[in-house]
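What follows is each chain in one-letter form.
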Amino acid sequence: MASTSSFRASSSSSSTPSIPPTSTYDVFLSFRGEDTRYNFTDHLYSAMGRRGIHTFRDDKLRRGEAIAPELLKAIEESRSSVIVFSENYAHSRWCLDELVKIMECKKDLGHAVIPIFYHVDPSHVRKQEGSFGVAFAGYEENWKDKVGRWRTALTEAGNLSGWHLRDGYEFDYIKEITNNIFCRLNCKRLDVGANLVGIDSRVKEVSLRLHMGSSDVRIVGIYGLGGIGKTTIAKVIYNKLSCEFEYMSFLENIRGISNTKGLTHLQNQLLGDILGKERGQNINIVDRGASMIEAILSSKRVFMVLDDVDNRNQLKALLRHRGWLGKESRVIITTRNKHLLIEQEVDDLYEVEGLNSEEACELFSWHAFKQNFPKSNFIKLSCHIVDYCQGLPLALEVLGSLLFNMTIREWESELHKLAKEPVAEIHNVLKSSYDGLGRTEKNILLDVACFFKGEERDFVLRIFGDCVISGIRHLKDKCLITLPNDCIGMHDLIQQMCWEIVRENFPEEPDKWSRLWDPHDIERALTTPEGIKRVETIDLDLSKLKRVRFNSNVFSKMTSLRLLKVHSNVDTDLGIYDGIKVEEEEVDLHCEEMIDSIMKTASKMQLDLDFKIPSYELRYLCWDGYPLDFLPSNFDGENLVELHLKCSNIKQLWQGNKDLKSLKVIDLSHSKKLVQMREFSSMPNLEILILQGCVSLIDIHPSVGDLKKLTTLNLGWCVKLKGLPSSISNLEALKCLNLNKCSSFDKFSEIQGILGNMRSLKILSLRYTAIRELPSSIDLESVEILDLSYCYEFEKFPEKQGNMKRLKELNLQGTAIKDLPDSIGDLESLEILDLADCSKFEKFPEKGGNMKRLEELILQGTAIKDLPDSIGDLESLENLYLSYCSKFKKFPEIKRSMKHLRGLYLAGTAIEELPSSIDNLSGLEYLGISECKSLRNLPANISRLKFLKKLQLGGCLNFWEGLISNQLCNLGKLNISQCKMVGQILELPSSLEEIDAHNCGSKEDLSSLLWHCHLNWLKSATEELKCWKLSVVIPKSSGIPEWIRYQNLGSEVTTKLPMNWYEDPDFPGFVVSCVFQPISTYDTSDLECELNLYGNGFEFKDKCRYSCCWCEDHGYFKELFDQVWVWWYPKIAIPKEHHHKLTHINASFKNSTFCRSRVNVIKCGINLIFAGNQHNHKPMLEHPQNSGDNRSALQDTNGNVHGANQDDEYYHIPLLDLLRNLSLGDNGSVVLEDTNGNRKRRRDDSLPDVVEEPHYKRLGAPNTDLLL
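These figures come from a predicted structure and were not determined experimentally.

Structurally, the position occupied by Leu710 is in the loop between strand E17 (688-690) and strand E18 (712-714). The class of Leu710 is buried, set by a relative accessible area of 0%. With 21 residues separating them along the chain, Leu710 and Leu731 place their C-alpha atoms 6.7 Å apart.

Set out below in structure tokens:
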């Protein structure tokens, strides 16, 4: 019987192949005449003719060496080919040439290929075995030039789905084959346009969810924002898979058609697609149509796409449930509403996300420039457009087409217009989602767009209550908002659509809008004499205005105001200093600068003493730097939920009694004039009270104990606060108590008596207080985090910790503690113990090993000399920090129970040796022993650390040879800075990706290391993808190595690629390099290199990052050194599809956007590597002062000088020779210099300049100081 056709996923290009536009034939029939001409093939040909399938069959008995041109033309003009593989098929060179042409047309033209294995084993065709192997045995000698292509074509064809005819009635096979071919040829291919970007990965994801190999019914839902590409993805999949089915239908734009033509129109279209000419009725009643669809679909194997569904009635009419479908059917439903898919009980969901920045730039460029990257003088403007579109394909296509062929000035004009008014075509598509919302959902969406975007979901729920929970869920399901990390997000174009809805009735009259968000619009509205009576929300960023002028009574008319936020865009969170060592004065200075900045900004908006604001509807009030002593006298606050007056002049919130039953949050942080808080009894639902930095606050009113729902009390930096009222013990819901820097607290007894009843307390923070000890009677039963860091007078941890069974984190960093009691081992839940910088701490307790859950033990900077053997019992320990424990000399024997240890930090210790049992750390990933100057050697079994990823050996002066083993198969980063090498480099691990070798011995050592890396790279570049990078720090006084000397200064360089570079087997790739200087000595500098290959309207990009960390690995340098970064890049990392079109290469170096520190790039360059006789040369570095002609000479170990062999056509010379001799001509071409200074252009100088002037900066880029 015929074998079952099976779907095989194959890679597809960015645009779906289409049927040749001038198809003369439906099918080209390829067969071996003497096997099947008068039987099977003849019957098949006749059967296809009877079904109206126009088939080409070669009836001539041809002989000869070459296939006839008319046959080649017939293949090209056919929509598909049917290949009848028979016993003697491979014995015909003619048939094999036909097959090669057929497979070429399949690849280039989307030509469908259907194999029939007629009494032959498909594996014999794929592997050229059996009779096919016999045939090829006779070809190997005389047809070497064709054998490879024949074999490839047979293998590819043999892997295609088709029919395997073994026994049975041929009539049945022919009928099935003919019906299948008929269905394939008559499947409707949908236009998806050209230059589809990023489609492949998305199509693959959906295709995998369809489970094409399964016999079950599968329904997959695709959902996402309007214009995100759902329909395009569905069309590509339909074109790719629908021909595998006998019946298929694509119902496009169901939402629009159902609204204009009705559901019966869609039902008729579906039945017409399935039944074709057999359809005999016109449906005019929806229920009748649904009944007919159920009856017809249930017996058929169908492929259906229901596009842009937006309500359940559409699904009820077209596909009520999966029971309507026949076996093996597949359905795709696209929608903007995820909940519809959940209701339909689809088998799988796929959310379409926006294009990434590179994909977005490419798609935009195809429409704006008709090439895949921007023109040089439009790059900056293009970036603005791409950022504006945020990966939305619809917007990228519309704006790209709009801007095509416009001048720069016209582009700038359109950008200015976009900031104020969306493009109608984009706006209308997005607004259709808004129109389908209910009133409540519309209001929530507008509030998010104008006020809450980026805020936490819990914050919004707190303001509005549970009534908005379902609304937020519906908006998320309809892809109008997102909830990343439980924060409310929104696409910028959705936000702009909402803004336009707010403005649409009065576009030039902001005083009539319901919501205000733009500072300039707010300023205009505040100056209107009529006032802003309709406004419901105001979000005013004062930092964007010079001064705000307004009528004094304008606020009094805002009777509908619900949300008011007046802020200065200054971060007031001092939590950034938590967990890092910073001078106390620096924190104080930062705090003062922050307060001054906020107060200065707030002064732009002066309020009269009689300032009033209607507050009955007000639910949220935030006013940074509020200038008055009290809130307005008419302030009601009955519905107020949150009150934020940071850095205000408030002395007392209000006068008289207020009913504040809705109030949940008060934040008066850094209000320096606040002296007291009045009674709290009027706010029974208060949950969060933040008085941090209220330096004039003397006490807390005893009624604070009435706050039964209070969970957070932050009194940090209240330096005059002398104590807490005893009523605080009634705060049964309190979870976090922050007393950081309450310097008047010097005895824990002042609060110990009130802690006992706080059964919910999880976090107790006492950083920078004057506390000396914890009483043994203290009750911290519920506390999970106890922070006593930088309590400089704290000397002793209690022998009896009371009931601390739940304590997970104990922070004693920077205290005066000398030791810990053995009973510390009783803290059975402890996960983190931090004793960093406790300079008096000398001994870790013997019973500390009882802490079975301890994961982090931080002892760095202590006076500890050794560790007890029981340290090996810490079976959960993941990181052990002993760095810069200058007295630490001996590490105990390591037990197998420490197998979970991931990081061992020993830098700067006095350790003399590591135990031979180090191989028991089977999970170790990081080993840091930099600056261990007493360390004599490493145990040989360090090579057994199979999972070691980073090894820090910087400054270990006493050993090098034999140190690194290629058995460290996962080692990715190696630091050997300041190591004195002996010129004997053993084999490095092939996994190594980064080496730091600054101040690493002599130039001979550096040459040897570089050479070894280069040889390793050459070996791996042809086998697997490897991108080696190497950093070297060289003192300024020594000069820069000449082999890295380039004629261009700056951070960017461009040159041409050699002719046919992608075909040259001796050209494995590139090496790019730069000389740079870190500006800061106390931070991390991340340097990025972006590699760009481009030409003929195509572009390929890749990047690499190098992190220069001035911490444990480098120490704190008094002098900053120049560094050289070398990055090898293999050719095989570049996709092959555009190889022949890429003609130029550009490298640009810049600071990473994620780092605050600066890097000054001095020089950079690109070198093209050719393999040559690498093993014959091992050159050395040479400094400029040793080279009389200001060029360095490269020498091998015998002192011979090596230069370019000018007689060698291909210049296959060693890497370092190439580096020395490479310079760049004025036009960017590659120029080689021999040792006599003679210049000779490379063979690629003749390469025609087929691209426009590259948009990258040429040599000598002036901008070398890159700021973050």
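Past the structure itself, the notes keep going.
What follows covers the sheet that holds strand E9 (residues 330-335). The strand order across the open sheet formed by five strands is E7-E8-E9-E6-E10, and the pairing between neighbours is parallel. Whereas interior strands pair on both sides, the edge strands pair on one side only; in this sheet they are strand E7 (247-251) and strand E10 (348-351). For this sheet, the mean angle separating the axes of adjacent strands, direction not counted, is 15 degrees. In this sheet, E10 lies alongside strand E6 (residues 218-223) in parallel orientation, the contact comprising four bridges. Opposite Tyr223, over in E10, you have Glu351 as the bridge partner.

This part takes up unusual backbone geometry. At His211, a position not held by glycine, the phi torsion is positive, near 50 degrees. Within the element layout of this structure, His211 appears in the loop between helix H9 (199-210) and E6. Positive phi outside glycine occurs at Asp308, with the angle close to 60 degrees. Residue position: Asp308 is located in strand E8 (residues 302-309).

The next point concerns the pattern of salt bridges. Here the structure, examined in full by the defined rule, presents 39 salt bridges. Ionic pairing is found between Asp477 and Arg473, a salt bridge with its closest N-O pair at 3.1 Å. Residue Asp477 and its partner Arg473 are located together in helix H23 (residues 469-477), separated by four residues, close to a single helical turn.

Together, Glu799, Asp822, Asp826, Glu828, Glu846, Asp869, Glu893 and Glu913 give the surface a local cluster of negative charge. Within the fold, Asp822 resides in the loop between strand E22 (809-811) and strand E23 (832-834). For Asp822, a relative accessible area of 37% gives the class partly exposed.

In helix packing, the relevant descriptors are the interaxial angle and the interaxial distance, both defined with respect to the helix axes. It is at 9 Å that the axes of helix H21 (residues 439-452) and helix H24 (residues 492-503) come closest, and there the two elements cross at 110 degrees. Of the possible angle classes, the one that applies to H21 and H24 is roughly perpendicular. Counting all contacts with H21, which are made through Leu445, Leu446, Ala449 and Cys450, the residues of H24 involved are Gln495, Cys498, Trp499, Ile501 and Val502.

Definitions and cut-offs
- Residues numbered from 1 in each chain as written.
- Predicted model: local features only at pLDDT ≥ 70, side-chain atom pairs only at ≥ 80, totals over all residues.
- Heavy atoms only, no water.
- Helix = DSSP H or I, 4+ residues; strand = E, 2+ residues; numbered from the N terminus.
- Buried < 20%, exposed > 50% of the residue type's maximum accessible area, 1.4 Å probe, protein only.
- Pairing = 2+ DSSP bridges.
- Axes fitted to C-alpha atoms, helices over the stretch in contact; angles between N-to-C directions.
- Salt bridge = Lys/Arg side-chain N within 4 Å of Asp/Glu carboxyl O.
- Patch = residues over 30% accessible without salt bridge, like charges linked within 9 Å, V, L, I, M, F, W, Y side chains within 5 Å.
- Areas by Shrake-Rupley, 256 points an atom, 1.4 Å probe, with all protein chains shown as cover.
- Lys, Arg positive; Asp, Glu negative; His and termini not counted.
- Charge placed at Lys NZ, Arg CZ, Asp CG, Glu CD.
- Parallel < 35°, antiparallel > 145°, perpendicular 65-115°, else oblique.
- Contact = heavy atoms within 4.5 Å.

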